[in-house]
Amino acid sequence: AQQQQRRNMGGGSHWMEVSDVHTKLGEAFGFVCWLWVFHRARNDLPVVLGWRHPWEHAEDPWAVSDHVDNEEEVAADWNDFMVKSIKPGEDDDDEDDDDDDDEDDDDE
């Protein structure tokens, strides 16, 4: 009589031995992973389920303030800064590029 060959996938029927430290670390990291999943679900579940659009942001609890006391003065300061920072001619690097091109032509 011919014997049938029996194969055990993965080396047999024994379980992999894992140290107690690795088991505890795995449980701890798994716990942190699930905390993160539930935290994100609390914030993003309405978007995932289609109850609201992602661009309709929820209230930001860390926002400093939407109110600016002297908004007109801040806008005027910003406009003055823009005018001073963008002066025609001072910002133009085309002349420098032309000088560099002339120097390159001299090298040839």
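Residues numbered from 1 in each chain as written. Predicted model: local features only at pLDDT ≥ 70, side-chain atom pairs only at ≥ 80, totals over all residues. Heavy atoms only, no water.

1. Side note on helix 1 (residues 20–48)
Now for step 1: The sharpest bend along helix 1 reaches about 55° and sits at Arg 42, with the proline Pro 46 one to four residues further on.
Now for step 2: Immediately beyond the C-terminal end of helix 1, within one or two residues, lies Gly 50, with a positive phi of roughly 85°. (Bend = angle between axes of the 7 residues up to and from the residue. Helix = DSSP H or I, 4+ residues; strand = E, 2+ residues; numbered from the N terminus.)

2. Quick notes on the pattern of salt bridges
Now for step 1: Under the defined criterion, the tally for this structure stands at one salt bridge.
Now for step 2: Of the charged contacts in the structure, one is a salt bridge between Arg 40 and Asp 44, with a shortest N-O distance of 2.5 Å. One end of the pair is Arg 40 and the other is Asp 44, both in helix 1 and four residues apart, which spans about a single turn.
Now for step 3: We classify Asp 44 as partly exposed; its relative accessible area is 28%. (Salt bridge = Lys/Arg side-chain N within 4 Å of Asp/Glu carboxyl O. Buried < 20%, exposed > 50% of the residue type's maximum accessible area, 1.4 Å probe, protein only.)

3. Describing the confidence of the model for the protein
Now for step 1: Per-residue confidence for the protein gives a mean pLDDT of 76, with 64% of residues at or over 70.
Now for step 2: Helix 1 holds the highest mean pLDDT among the elements of the protein, 93, whereas helix 3 (residues 94–107) holds the lowest, 58. (pLDDT = per-residue confidence, 0-100.)

4. A closer look at the packing of aromatic side chains
Now for step 1: Enumeration according to the criterion identifies two aromatic pairs in this entry.
Now for step 2: With 5.6 Å between their ring centres and 35° between their planes, Trp 78 and Phe 81 make a pair best called tilted. Of the two residues, Trp 78 and Phe 81 are both situated in helix 2 (residues 71–85); the distance of three residues between them amounts to about one turn of the helix.
Now for step 3: Classification of Phe 81 by relative accessible area gives partly exposed; the value is 49%. (Phe/Tyr/Trp six-rings, centres within 6.5 Å; stacked < 30°, edge-to-face > 60°.)

5. Comments concerning a nonpolar patch on the surface
Now for step 1: Among the surface-exposed residues, Leu 45, Val 48, Leu 49 and Trp 51 lie close enough to one another that they form a single nonpolar patch of about 470 Å² accessible area.
Now for step 2: When you line up the elements, Leu 45 lands in helix 1.
Now for step 3: Taking relative accessible area as the criterion, Leu 45 reaches 38% and is therefore assigned partly exposed. (Patch = residues over 30% accessible without salt bridge, like charges linked within 9 Å, V, L, I, M, F, W, Y side chains within 5 Å. Areas by Shrake-Rupley, 256 points an atom, 1.4 Å probe, with all protein chains shown as cover.)

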